[in-house]
Amino acid sequence: MQLKKITLKCLALFFPLQLLLIYILKQHPFWVETYYSEGLFLFISQLQHYLTSWIPFSLGDLFYAALVLVILFWILNLFRNRSVSASWTSRFRSIRSRLLEALAFISLVYFLFHLFWGFNYYRPPLHLSLGISTEYTKEELHEFACDLIQKINTLHSQLVNNDSLRVEYDFKQTQLQKLVFEAYKNSANDDIKIPFRVENVKKSLFSLPLSYAGFSGYVNPFTNEGQYNYKIPKYKLPTTIAHEIGHQLGFSKENEANFIASIITMEDENEFLRYSGLTFSLKYSLNDMYKKDPLLSEALIAELHPGVLENYKEVQEFWQAYSGPVELVMETVYGNYLKVNNQPQGIDSYNYVVALLVNYYQQKQTINL
Ligand SMILES: [Zn+2]
């Protein structure tokens, strides 16, 4: 009993220390890169990979479900104990020990989250590692978008025989999964360091709630498994799976995982992966152009084959079918999560992905989209 109390106290005291450590690490991103992202994290993630990748279902999903049950049970217990009549001193003692339990628990989860994956949030931004700028003009964005549109239209004509038809992904989900694994393994891109093994992606057991919450997938930092929402249109799966693998490789930030997903799919030899990747990049570019020059972005959209717009529409309709209050709440919660984890612009920070794409392809002329 005494040992339990000492452990709880140590864990609770450890929490402010962790906050201090993170505050210091935020000032030293290159330490994080050298000692964590390119050091300890590689070891931990490979170990997690060996422990969880062979399990056919998502262990991480079950872990989260158990976590929610533990928290619910703890809260229920809290109310049950309160109803017992007791003296003020014993009530105070009970509240104090409950608070200690809660703080110790938060401290432990917070520690494991960072140790297993979360410290990657504090590594230097990707453009510094790639040695590229983040500045771009409207003209440069225009040129990039035109290039994408031309490639998308050509590819679209190869995949369907009518301009107004959307591209159908006649694959099983596991086949698309394999194609993305191959894309990572065969990637000749030296800028993205890819370890030998990337095959730890699973269908989420909670795809229906994920759909209502507006999520295509997530990575569980405690098991390093990538989960994808299997209900989303198959056309979106290649970039979604590639995005989750990007997270697993240590690119914690959303926009950086999107950039990695774009590169991996756009540069692959498989036409379906390329189509997913090119249209994914174009969507971000057009959204950004819309903010800078709505008329020009509409003129660009008009150049696309109508069938390409049908693919976009399919995705939009999917999310509309599940939209509602839950999605709004999750957007706020997730927006706050991103802000806490070193992405101050929250969910709106996505045009950094455009900055990376435009500059990357402009400065690395050797790469053919
Ligand atoms: Zn993500």
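Residues numbered from 1 in each chain as written. Predicted model: local features only at pLDDT ≥ 70, side-chain atom pairs only at ≥ 80, totals over all residues. Heavy atoms only, no water.

(A) Region of interest: the packing of aromatic side chains. Taken as a whole, this structure holds 23 aromatic pairs when the rule is applied. Note on Trp117 and Tyr121: the rings are 5.5 Å apart at their centroids and 75° apart in plane angle, and the pair reads as edge-to-face. Each member of the pair, Trp117 as well as Tyr121, carries the same accessibility label: buried. By way of ring pairs, the aromatic residues Tyr169, Phe171, Tyr235, Phe272 and Tyr275 are connected into one cluster. Stacked on the ring of Phe251, the Lys or Arg Arg123 has its end atom at 5.1 Å from the ring centre. (Phe/Tyr/Trp six-rings, centres within 6.5 Å; stacked < 30°, edge-to-face > 60°. Buried < 20%, exposed > 50% of the residue type's maximum accessible area, 1.4 Å probe, protein only. Lys NZ or Arg CZ within 6 Å of the ring centre and 35° of its normal.)

(B) Just the sheet that holds strand E1 (residues 201-203), in detail. The three strands lie next to each other as E1-E3-E2, forming an open sheet whose pairing is mixed. Because the sheet does not close on itself, it has two edges, and the strands there are E1 and strand E2 (217-220). In this sheet, neighbouring strand axes are inclined to one another by 25° on average, regardless of whether the strands run parallel or antiparallel. Sheet topology places E2 next to strand E3 (residues 225-228); four bridges connect them, and they run antiparallel. Following the sheet pairing, Val219 is matched in E3 by Gly226. (Pairing = 2+ DSSP bridges. Helix = DSSP H or I, 4+ residues; strand = E, 2+ residues; numbered from the N terminus. Axes fitted to C-alpha atoms, helices over the stretch in contact; angles between N-to-C directions.)

(C) Representation of helix H15 (residues 351-363) within the structure. Here H15 contains 13 residues, and its C-alpha end-to-end distance of 18 Å stays within 8% of the 18 Å for a straight helix at 1.5 Å per residue. Burial within H15 is extensive, with ten of its 13 residues counted as buried. Along H15, the residues that are buried comprise Tyr352, Val353, Val354, Ala355, Leu356, Leu357, Val358, Asn359, Tyr360 and Tyr361. Looking at the packing, one finds that the buried side of H15 touches helix H5 (126-130), helix H6 (138-159), helix H10 (254-266) and helix H11 (271-292). (Expected span 1.5 Å × (residues − 1). Contact = heavy atoms within 4.5 Å.)

(D) How the structure looks around the confidence of the model for the chain. Taken as a whole, the chain shows an average pLDDT of 89; of its residues, 89% reach a score of 70 or greater. Within the chain, the lowest mean pLDDT, 65, falls on helix H14 (residues 325-340), and the highest, 96, falls on helix H9 (residues 237-248). (pLDDT = per-residue confidence, 0-100.)

(E) View of the nonpolar core. Formed by 65 residues in total, the largest nonpolar core has its most connected members in Tyr184, Ile245, Phe259, Tyr275 and Leu282. When residues of this core are traced back to their parent elements, those giving at least two are H5, H6, helix H7 (173-186), H9, H10, H11, helix H13 (306-322) and H15. With residues near it in sequence (within four places) discarded, Tyr184 still touches Ile194, Val198, Ala242, Ile245, Gly246, Leu249, Ile260 and Ile264. Counting residues in hydrophobic clusters, the runner-up holds eleven residues, among them Ile22, Tyr36, Tyr122 and Phe222. (Core = buried A, V, L, I, M, F, W, Y, C linked by side-chain atoms within 4.5 Å.)

(F) Quick peek at the coordination of the zinc ion. Of the protein atoms, only His243 (NE2), His247 (NE2), Glu254 (OE) and Glu254 (OE) coordinate the zinc ion, at distances of 2.1 to 2.5 Å. Each of the four donor atoms around the zinc ion contributes to a set of angles spanning 53 to 129°, which defines the coordination as irregular. When the donor residues of the zinc ion are listed from N- to C-terminus, their spacing reads H-x3-H-x6-E. A relative accessible area of 3% places His247 in the buried class. (Donors = N, O, S within 2.8 Å, 3.2 Å for Na, K, Ca; no water. Tetrahedral: all angles 85-135°; square planar, octahedral: opposite > 155°, others 65-115°.)

(G) Broad picture of the pattern of salt bridges. Across all of its chains, the model carries ten salt bridges by this definition. Arg166 is paired through a salt bridge with Glu168; the nearest N and O atoms lie 3.0 Å apart. Arg166 gets classed as partly exposed once you look at its relative accessible area, which sits at 30%. Taking relative accessible area as the criterion, Glu168 reaches 48% and is therefore assigned partly exposed. (Salt bridge = Lys/Arg side-chain N within 4 Å of Asp/Glu carboxyl O.)

(H) Inspection of the pairing of E3 at higher detail. Across the two faces of E3 the burial is the same, with Glu225 and Gln227 and Gly226 and Tyr228 all buried. As judged from the three bridges shared by E1 and E3, these two strands associate in the parallel manner. Residue Lys202 lies in a different strand from E3, and its bridge partner there is Gln227. Linkage of E2 to E3, two consecutive antiparallel strands, is achieved through a turn of four residues, within which Asn224 is found at a positive phi near 55°.

(I) Geometry of a positive patch on the surface. A cluster of basic residues, Lys5, Lys9, Arg93 and Arg96, forms a positive patch on the protein surface. If you list the elements that add at least two residues to the positive patch, you get helix H1 (2-27) and helix H4 (88-116). Tracing the backbone through its elements, the reader meets Lys9 in helix H1. Of the residues examined, Lys9 reaches a relative accessible area of 47% and is grouped as partly exposed. (Patch = residues over 30% accessible without salt bridge, like charges linked within 9 Å, V, L, I, M, F, W, Y side chains within 5 Å. Areas by Shrake-Rupley, 256 points an atom, 1.4 Å probe, with all protein chains shown as cover. Lys, Arg positive; Asp, Glu negative; His and termini not counted. Charge placed at Lys NZ, Arg CZ, Asp CG, Glu CD.)

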